[in-house]
Amino acid sequence: MKKLPLLLPLLLSLALPLLLTQASAQEKSIYHKGWIDFNKNGKMDVFEDPSQPIEKRIADLLSQMTVEEKTCQLATLYGYKRVLKEEMPAASWKNEVWKDGVANIDEELNNLTSRTDEAPTQYSYPYSKHAAAINTIQKWFVEETRMGIPVDFTNEGIHGLNHDRATSLPAPIGIGATWDKALVRQAGDVVGREARALGYTNVYTPILDVARDQRWGRVVETYGENPFLIAELGKQMCLGVQEEGAASTLKHFAVYSVPKGGRDGADRTDPHVAPRELYQIYLYPFRRVIQEAHALGVMSSYNDWNGEPVTGSYFFLTELLRQKFGFNGYVVSDSEAVEYLYSKHHVANSPEDAVREAFEAGLNVRTNFTMPQTYVMPLRHLLAEGKVSMKTLDSRVADVLRVKFKLGLFDEPYVKDPAAADKIVHNAEATAMGLKMNRESMVLLKNENNLLPLNKSAIKNILVTGPLATQTSYAISRYGPSHNPVTSVLEGIKNYVGSSATVNYTKGCDIIDATWPESEIIETPLTAQEQASIDSAVALAKNADVIIATVGEGVDQVGESLSRSGLNLPGRQLKLIQALQATGKPVVMVMINGQPLTVNWENKYVPAILEAWFPGPESGRVIAETLFGDNNPGGKLSITFPKTVGQIEFNFPFKPGSQAPQGGKNGWGKTSVNGALYPFGYGLSYTTFECSNLQVSPEKEHQQGDVEVTVDVANTGQRAGDGVVELYLKQEFSDVTTYEYDLRGFERVPLVPGEKKTVHFTLHPDDLAILDKNMNWTVEPGKFQVMIGASSDDIKLTKEFEVEK
């Protein structure tokens, strides 16, 4: 017996090859031609048979799953550095709750750059290395869990995929300003294609929140304030992502974007929204994108409505989403939304009770920055106690499995060709698309005496100033690509003019001052250093032919948890603009910002203003091209600019008599500032457009019929440019008060000088429908006006048609 320790190494050395051979044989044995033996029982089960209908496959798989395996399909595992501690599968995983599987792994190895939670990793780049790494992790779940259920790898993607050096887009508010459906579809294609190439299978995009309060910090992450525009662009983004084989998860469902006072962060609650407004404004984009693009995912929001927190609401997650809208995917919670039922909303009396409420309401997958067992274990306890039913569990799990089957994860769980990712992600075609979107997002707000475009040959001395001139962080966000090189405005202008002009730079002021935001309500004197900075800019301005002042907001002034109480330029920026304007030299103001700003003095006195929003990495190049005329700005505002926060809510569409018009009075007195600073749909160009020959057919239509509209648009100026034709619809009389008029069609049309094109629109019954007194969608008989405008405030043509009974 004493010799046994000496023999043990020899026995192990002989046994190990045999064990490895057996393991290798088992590994090979589950992969067969045309199917995979996920449950490793040596036969093709119904759920493993690609020829079987999905519902049969789901039923078969559910019948074989334990409670432990089912509950694991209802929780998110946040990726490496957020919750997951290991970059690659480890022996310890056999002791973790996900030994029985997991619904999804979110943001896995994406090398996130964020001021709140960075996640560096060696596996994010080259792209092929990431695809191979995801395959390794997927392989663990397929081969090392009993049922082998593949993981749904989720990721953010609101302005390009949230991955190291993926193709970047402008912020969504800039995407909204393009009014270009075809281009947004291309962007969706790129996001979906890059996701699948890298191993992600589900992208959290688009955001369909309707931004009706300009103070709200997440305006920058939305397409704007108008539900029709949001629905049209969101539909294209969803279709683009999903036609590349990835799921599109819509967010944030629902009524999330208008918390009381526009407050965000810890205060994302209590939206004051009437029932008709709920359906016609806030639910409208979700309904349309679900029904027309068949989105596979929806994210439930933090907030409540009418006393019901959405994530714990059967009304929202089941009655509306599934029964009325026909949603057939899975619902994932926003991070910590389940826990908020207990900790914030106080509608659950314990964390476990919050799990019960969300589960019974219709939530499929819980997400939080905690281990999955913090949801899975309470759910198992509820099941053991009989407080929730197995029938409901099977229904919730079936929704998750349905998405995984539709994504093909049970037929091909791996990235087929990891090496191909290096040729697919951020390739030349995708880069060109991103550059075009940046160009199309530029909105010209003012151009007095045609100061723009600047004449490169006539300008010899340029002053670039302002706190955003050398900033680049606006091009990187928590929910988009990271580590792409960014061209600042200063660099872009220098690169553009080359040696033809001298470009001087001085900052002029910081984005904010020391006491901001309090300085918005209690002004403090300029410090000596602040005065010296402004004086330095003024001194350089005296020798300049033109001043390019780049002002606005940085990533610490707008975004998630960054709502504002005022919307003026922060800090000393107005003081800088006023000092520069006083020099008598021409000032061009470039705005880099994420929400409308109340730039009233600037609009009155500064001759030229360009709205660039939060552009992508090519920002400096695109802004320079736009200022000098190589890019003719054709973007239109997707959100109203109020003159003061005192007007809020001030947006489009609006009810009759709810927004005093420009020059109007508040009752019989004159006590308020009225009208928009810049209305919805507004945007200038370096050329001119004219619309004519508006035709509506038929002029009398049945309630269930379509109405065809055509209008000619011509470029009547001297430069090529894009004209945006905006179609508004007005119902002259209705049984209930409805909106004055609303957007019901738009097309972005490129035209060379002298060119004319005919634009076609089809108005469907849904475009004419309103909620009647009984809250039923109805097309009422009566007269309607088709209106063609250059903005919501600048209607050029009108024509009437009538709906008959």
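Right above here is the structure, for reference.
Residues numbered from 1 in each chain as written. Predicted model: local features only at pLDDT ≥ 70, side-chain atom pairs only at ≥ 80, totals over all residues. Heavy atoms only, no water.

Enquirer: So what's going on with the side chain of Asp722? Which residues, and what values?
Expert: In this fold, Asp722 is placed in strand S21 (residues 721-731). Excluding anything up to four places from it in sequence, Asp722 contacts Glu440, Gly634, Phe689, Arg748, Val749 and Pro750. (Helix = DSSP H or I, 4+ residues; strand = E, 2+ residues; numbered from the N terminus. Contact = heavy atoms within 4.5 Å.)

Enquirer: Give me the pairing of strand S27 (residues 794-804): which residues, what numbers.
Expert: Inspection of the sheet shows strand S19 (residues 700-702) paired to S27 by three bridges, in the parallel sense. Counted as the bridge partner of Lys700 is Glu802 from S27. Pairing of strand S26 (residues 782-791) with S27, which is carried by nine bridges, proceeds in the antiparallel orientation. Residue pairing in the sheet places Gly789 in a bridge with Ile795 of S27. (Pairing = 2+ DSSP bridges.)

Enquirer: Describe in detail the packing of helix H18 (residues 528-541) against helix H19 (residues 573-581), supporting the description with residues and values.
Expert: Think of two packed helices as two axes; the pair is described by the angle between the axes and how far apart they sit. Running from amino to carboxyl end, H18 crosses H19 at an angle of 30°, the nearest separation of the two axes being 9 Å. Here H19 runs roughly parallel to H18, going by the angle between their axes. In the packing of H18 onto H19, the handedness of the crossing is right-handed. The segment H18 lies against H19, with Ile534, Ala537, Val538 and Ala541 engaging Lys575, Leu576, Ala579 and Leu580. Residue composition of the contact of H18 with H19, by class: seven nonpolar, no polar and one charged. (Axes fitted to C-alpha atoms, helices over the stretch in contact; angles between N-to-C directions. Parallel < 35°, antiparallel > 145°, perpendicular 65-115°, else oblique. Left-handed = near helix turned anticlockwise from the far one by under 90°. Nonpolar A, V, L, I, M, F, W, Y, C, P; charged D, E, K, R; others polar.)

Enquirer: Could you give me a rundown of the packing of aromatic side chains, with the residues and numbers involved?
Expert: Per the counting criterion, the structure on display carries 34 aromatic pairs. Ring geometry for Tyr125 versus Tyr127: centroids 5.0 Å apart, planes at 85°, classification edge-to-face. You can call Tyr125 partly exposed: its relative accessible area is 37%. Here the aromatic cluster, defined as three or more aromatic residues joined through ring pairs, consists of Trp179, Phe228, Phe652, Phe654, Phe680, Tyr728, Tyr741 and Phe746. Between Lys129 and the ring centre of Tyr123, over which it is positioned, the NZ or CZ distance is 5.3 Å. When the ring centre of Phe359 is taken as reference, the NZ or CZ atom of Arg396 above it lies at 5.7 Å. (Phe/Tyr/Trp six-rings, centres within 6.5 Å; stacked < 30°, edge-to-face > 60°. Buried < 20%, exposed > 50% of the residue type's maximum accessible area, 1.4 Å probe, protein only. Lys NZ or Arg CZ within 6 Å of the ring centre and 35° of its normal.)

Enquirer: Before we move on, could you go through the side chain of Arg57 and cite the residues and values that matter?
Expert: Tracing the backbone shows Arg57 in helix H2 (residues 54-64). Overall, the relative accessible area of 2% leaves Arg57 in the buried class. A distance of 2.9 Å separates a polar atom in the side chain of Arg57 from the backbone oxygen of Phe47. Ignoring any residue separated from it by four or fewer positions in sequence, one finds Arg57 in contact with Val46, Phe47, Glu48, Asp49, Pro50, Gln52, Phe405, Phe410 and Asp411. (Polar contact = N/O pair within 3.5 Å; in protein donor to acceptor, adjacent residues only side chain to side chain.)

Enquirer: Please set out the environment of Arg115 residue by residue, giving values where relevant.
Expert: Along the chain, Arg115 turns up in the loop between strand S4 (104-106) and helix H4 (127-144). Spatially, the C-alpha atom of Arg115 lies 8.1 Å from that of Arg478, the residues being 363 residues apart in sequence. Among residues more than four places away in sequence, those in contact with Arg115 are Val555, Asp556 and Leu562.

Enquirer: Lay out the pattern of salt bridges in plain terms, naming residues and giving numbers.
Expert: In the structure shown here, the tally under the stated rule is 43 salt bridges. Residues Arg57 and Asp411 are paired through a salt bridge, measuring 3.0 Å at the closest nitrogen-oxygen approach. Within this pair, whereas Arg57 is found in helix H2, its partner Asp411 is found in the loop between helix H14 (390-406) and helix H15 (421-424), the two being separated by 354 residues in sequence. For Arg322, the salt bridge identified is with Asp399, shortest N-O distance 3.2 Å. With Arg322 in helix H10 (residues 314-324) and Asp399 in helix H14, this pair connects stretches of sequence that are 77 residues apart. Note on accessibility: Arg322 and Asp399 belong to one class, buried. Here the salt bridges share partners, and the residues they tie into one network are Lys181, Glu232, Lys235, Arg288, Glu292 and Glu747. (Salt bridge = Lys/Arg side-chain N within 4 Å of Asp/Glu carboxyl O.)

Enquirer: Account for H19, naming residues and giving values.
Expert: Within H19, the full set of buried residues consists of Gln573, Leu576, Ile577, Ala579 and Leu580. Within H19, the buried residues cover an arc of 165° as seen down the axis, which keeps them to one side. Contacts made by the buried residues of H19 are with strand S13 (461-465), H18, strand S15 (546-552), strand S16 (587-592) and helix H20 (600-605). (Arc of directions from axis to C-beta.)

Enquirer: Go over the environment of Val310 with me, naming the residues and quoting the values.
Expert: Here Val310 shows up in the loop between strand S10 (308-309) and H10. On the accessibility criterion, Val310 (0% relative accessible area) is buried. Linking Val310 and Ser333, residues 23 residues apart in sequence, is a C-alpha distance of 9.8 Å. If sequence neighbours within four positions are ignored, Val310 has contacts with Phe253, Ala254, Ser301, Asn303, Asp304, Phe316 and Leu317.

Enquirer: Describe the sheet that holds S4, and please don't skip the residues or the numbers.
Expert: Spatially, the seven strands line up as an open sheet ordered S3-S4-S5-S6-S7-S8-S11, and their pairing is parallel. In this open sheet, the two strands that pair with only one neighbour each are strand S3 (76-78) and strand S11 (330-333). Taken pair by pair, the neighbouring strands of this sheet meet at an average axis angle of 30°, ignoring direction. Pairing analysis gives two bridges linking strand S6 (residues 202-204) to strand S7 (residues 247-253), with the strands arranged parallel. Each residue of the ladder has a partner; that of Asn202, found in S7, is Ala247.

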